[in-house]
There are 2 protein chains.
Amino acid sequence: PNRAVAKFVQFASLTKKIGQEDPRRVIHSLKVGFALTLVSLFYYFKPLYKNFGVSAMWAVLTVVVVFEFSVGATIGKGINRGLATLLAGALGIGAHHLASMTGNVGEPLLIGTFVFLQAVVSTFIRFFPRVKARYDYGLMVFILTFCLVSISGFRMDEILVLAHRRLSTVLIGGCTCVMVSIFVFPVWSGEDLHNLIADHIEKLENCIEGFGEEFFLTSELKNDKAVPVTYRTVSNSKSTEETLANFARWEPGHGKFMYFHPWKQYLKIGNLTRQCARRIEALNCYLNSEIRIPRGIREKFRDPCTNMCKESGQALKELSLAIRKMTMPSSPSDHVMNSKMAAQNLKSLLTSDSWEKDTNLLQVMPLAAIASLLIEVVLSVEEIAESVNE
Amino acid sequence: PNRAVAKFVQFASLTKKIGQEDPRRVIHSLKVGFALTLVSLFYYFKPLYKNFGVSAMWAVLTVVVVFEFSVGATIGKGINRGLATLLAGALGIGAHHLASMTGNVGEPLLIGTFVFLQAVVSTFIRFFPRVKARYDYGLMVFILTFCLVSISGFRMDEILVLAHRRLSTVLIGGCTCVMVSIFVFPVWSGEDLHNLIADHIEKLENCIEGFGEEFFLTSELKNDKAVPVTYRTVSNSKSTEETLANFARWEPGHGKFMYFHPWKQYLKIGNLTRQCARRIEALNCYLNSEIRIPRGIREKFRDPCTNMCKESGQALKELSLAIRKMTMPSSPSDHVMNSKMAAQNLKSLLTSDSWEKDTNLLQVMPLAAIASLLIEVVLSVEEIAESVNE
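A short tour of the structure in this document, coming up. Because the structure is predicted, anything quoted here is derived from the model rather than measured.

Rules used in this analysis
- Residues numbered from 1 in each chain as written.
- Chains lettered and ligands numbered in written order.
- Predicted model: local features only at pLDDT ≥ 70, side-chain atom pairs only at ≥ 80, totals over all residues.
- Heavy atoms only, no water.
- Helix = DSSP H or I, 4+ residues; strand = E, 2+ residues; numbered from the N terminus.
- Buried < 20%, exposed > 50% of the residue type's maximum accessible area, 1.4 Å probe, protein only.
- Areas by Shrake-Rupley, 256 points an atom, 1.4 Å probe, with all protein chains shown as cover.
- Expected span 1.5 Å × (residues − 1).
- Bend = angle between axes of the 7 residues up to and from the residue.
- Phe/Tyr/Trp six-rings, centres within 6.5 Å; stacked < 30°, edge-to-face > 60°.
- Salt bridge = Lys/Arg side-chain N within 4 Å of Asp/Glu carboxyl O.
- Axes fitted to C-alpha atoms, helices over the stretch in contact; angles between N-to-C directions.
- Parallel < 35°, antiparallel > 145°, perpendicular 65-115°, else oblique.
- Left-handed = near helix turned anticlockwise from the far one by under 90°.
- Nonpolar A, V, L, I, M, F, W, Y, C, P; charged D, E, K, R; others polar.
- Patch = residues over 30% accessible without salt bridge, like charges linked within 9 Å, V, L, I, M, F, W, Y side chains within 5 Å.
- Lys, Arg positive; Asp, Glu negative; His and termini not counted.
- Charge placed at Lys NZ, Arg CZ, Asp CG, Glu CD.
- Contact = heavy atoms within 4.5 Å.

Focus on the overall build of chain A
Here is step 1: Along its length, chain A carries 15 helices and zero strands.
Here is step 2: Taking all 390 residues of chain A together, the buried fraction comes to 54%.
Here is step 3: Carbon and sulfur atoms provide 63% of the accessible area of chain A, an area that totals close to 18200 Å².

Pasting the structure below:
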């Protein structure tokens, strides 16, 4: 019993953690419950039941399948399902009609052929990358509805009633989902994407500033992992961003976002941010490097390097603020200019001959690498800035 | 009409390309068509139709929804669907029974409460990361079946027949899918994962060897992007690998793979490979760097660096072969030892004082950075080797 209690406590704390991480999850669960209860009670009460018969369960089915976390995903799935049902229903009725004219022998053969061909073609089309991104679900519903309608052994007039019922119940379910998801505490993918990109840029800012302090100011006394390693979440975020942008395209205009908001631009900024994150990752390798750098050399590099870190961090901060507030950042920003100037200083420091005699190249090596990586980071910050301006 | 023809030609060539990229896609489409036609004709012929009634369409529905590209995904979805239907059916009957005892007023209220609570809890559980990875689909089917069974306004004996029919048709559909997907040209996720990891290591080999040749041998004459930039596909492959490993866990033993094949180890190797890919990416930044390195210095570094590139490339090749053939690589491998030795040479070359007078630090800087990155690459190659040995 003790182990069971321990398990339960563990489960409860996990539940709490997941809820606290993103309280919208709790709200989403309640929304699903609400929409489902609404449709179920519709179905339960007789008037609707008499009109639609067993078909009414398609409304329940649609709610369960279509309701997604964000508005964009819900609308996307709803539209996919609605259109696919309509199209496949029409084609299925046509196929059924054609087959029923060929008589008892030809009918199953012809229907089998139709079902086979349709399934093969639709399944193959699902592999097209663009289709997969936006219409995968629609094609599945298409295959499904076509099969159901064309193989049903009913007479023609029955089939029309059936198709009509199915379509209207799917519409009822779909509209309930879309309404609840838009009007009850909506979760917009577009907004999520917007915030995600701004967050990532801010994380990079923390990383680069943390690196400067860690490496040049605390000199010898290092405790591992004091620098935030949040750049890891940034460099693995490609698929998340793409999914969000896909959903965002389905969403109607809302709040600060117009209908044709340039979501693709966000993906571009995201790519540049990831590139920058990888450079910072490469920098951080040197924090745990074995090679010790003599204090004298470190001192020499300290000012230009910490300056570069600080200025590019400031530039990133400015950019993330500009994204958050959707204002045009001043272009070219002072901080970007300053960090480029600091990079120039660093370069001239490296070319100066004043300190070449007493140094050992192995000891300077990491610093030189760090310097060139920092220069690269400054370059990518500049690219991000240009991209944000567009 | 010309534009339509052009569009059609474009579409046809895209189709051909997608088919050629992976011919298993074409086979998969045919398999789906086959399974679906099989189940549809079952449904179409009267004997089965009389036994199962309209419920028989659940078999068709199951095939469309459950049939996935790989065996693992199909089995996973099939098991999810089967178990969820069973469990939710039982609970739904219980809920319906309980509610029907409370009389006409209490019944809809109680059923509404059950549906609501069940939907909220199940939807929330879907956010648990582990559940999401393996049982997401099962929970959706659970919500669905519970609602359908509990709200259906039938009498108790009818409901039992209905639940039994639904379960058996789902089983028929699910088994058809699993059988076809296992016995007709199976696509194993595990094998895909295995090959993907080996491919990635091989790609890194090409990159590192290409880098050595490009940078040190062709000296001044560079054409951009002669080095394969395939490391990009490697460094963005995290989610693909995780999905495949997830599916692979559902698969029964097949070919070279036992049932409890250590799929997690592949993810570990994949992570290390990605880390190595990022280091190579950082190296490649220097190929397009603006800073020109004098020929003399370049010559000095040429031998140890190309040696390191070659040896670590060979070590990677050995590893990818070892993975492909599933043999134990000789540990520690000669090539790993050699590349470590070359790294030592490089370090001592950097510490030697022989060439310090006439050099300009800015010109040596990229080489120093490259050297230290190469040392890091050698280290990650060693880590990968250790990981493969496990």
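Details of helix α7 (residues 129-151) of chain A
Here is step 1: The end-to-end C-alpha separation of α7 of chain A is 31 Å, in line with the 33 Å expected for 23 residues at 1.5 Å each.
Here is step 2: Where α7 of chain A bends most, at Tyr 135 of chain A, the angle is about 85°.

Some details on unusual backbone geometry
Here is step 1: Phi is positive for Phe 185 of chain A, close to 40°, though the residue is something other than glycine.
Here is step 2: Along the polypeptide, Phe 185 of chain A turns up in the loop between α8 (156-183) and α9 (189-217).

Quick word on the packing of aromatic side chains
Here is step 1: Inspection of the entire model under this criterion finds twelve aromatic pairs over all chains.
Here is step 2: Note on Phe 128 of chain A and Phe 11 of chain B: the rings are 5.6 Å apart at their centroids and 20° apart in plane angle, and the pair reads as stacked. One end of the pair, Phe 128 of chain A, is in the loop between α6 (103-125) and α7; the other, Phe 11 of chain B, is in helix α1 (residues 2-21), on a second chain.
Here is step 3: Phe 11 of chain B sits in the partly exposed class, given a relative accessible area of 41%.
Here is step 4: Taking 6.4 Å as the distance between ring centres and 20° as the angle between the ring planes, the aromatic pair formed by Phe 142 of chain B and Phe 146 of chain B counts as stacked. Taken as a pair, Phe 142 of chain B and Phe 146 of chain B lie in helix α7 (residues 129-151) at a separation of four residues, close to a single helical turn.
Here is step 5: For Phe 142 of chain B, a relative accessible area of 12% translates into the label buried.
Here is step 6: Members of the aromatic cluster, joined through ring pairs, are Phe 11 and Phe 69 of chain A together with Phe 124, Phe 127 and Phe 128 of chain B.

Thoughts on the environment of Asn 195 of chain B
Here is step 1: By secondary structure assignment, the location of Asn 195 of chain B is in helix α9 (residues 189-217).
Here is step 2: Counting along the chain gives 71 residues from Asn 195 of chain B to Tyr 266 of chain B, while the straight-line C-alpha distance between them is 10 Å.

Details of the pattern of salt bridges
Here is step 1: On inspection of all chains with the given rule, the structure shows 15 salt bridges over all chains.
Here is step 2: Among the salt bridges present, the one from Asp 192 of chain A reaches Arg 24 of chain A, with a minimum N-O distance of 3.0 Å. With Asp 192 of chain A in helix α9 and Arg 24 of chain A in helix α2 (residues 24-44), this pair connects stretches of sequence that are 168 residues apart.
Here is step 3: Here Asp 136 of chain B and Arg 126 of chain B are joined by a salt bridge, their closest N and O atoms 3.0 Å apart. On the criterion of sequence distance, the pair formed by Asp 136 of chain B in helix α7 and Arg 126 of chain B in the loop between α6 (103-125) and α7 is long-range, its members being ten residues apart.
Here is step 4: The class of Arg 126 of chain B is buried, set by a relative accessible area of 16%.
Here is step 5: Among the charged side chains, a salt-bridge network with shared partners connects Asp 22, Arg 24 and Asp 192 of chain A.

A closer look at the packing of helix α5 (residues 71-100) of chain A against α7 of chain A
Residues and elements named next belong to chain A.
Here is step 1: Their axes nearest at 7 Å, the elements α5 and α7 cross at an angle of 30°. It follows from the interaxial angle that α5 and α7 lie roughly parallel. The element α5 and its partner α7 pack so that their crossing is right-handed.
Here is step 2: For the contact of α5 with α7, a count of residues per class yields twelve nonpolar, eight polar and three charged.

Considering a nonpolar patch on the surface
All names here are of chain A.
Here is step 1: A contiguous nonpolar patch, built from Ile 79, Leu 83 and Leu 86 and spanning about 280 Å² of accessible area, is present on the exposed surface.
Here is step 2: Note on placement: Ile 79 falls in helix α5.
Here is step 3: Residue classification places Ile 79 among the partly exposed residues on the basis of a relative accessible area of 38%.

Considering a positive patch on the surface
Here is step 1: A cluster of basic side chains, namely Arg 130, Arg 249 and Lys 264 of chain A together with Arg 3 and Lys 7 of chain B, defines a positive patch on the protein surface.
Here is step 2: By relative accessible area, which is 77% here, Arg 130 of chain A ends up exposed.

A short note on the environment of Gln 314 of chain A
All names here are of chain A.
Here is step 1: The residue Gln 314 is located in helix α13 (residues 295-325) in this model.
Here is step 2: Sequence separation between Gln 314 and Phe 146 is 168 residues, and the spatial gap between their C-alpha atoms is 58 Å.
Here is step 3: When residues no more than four places from it in sequence are discounted, the contact partners of Gln 314 are Glu 209 and His 335.

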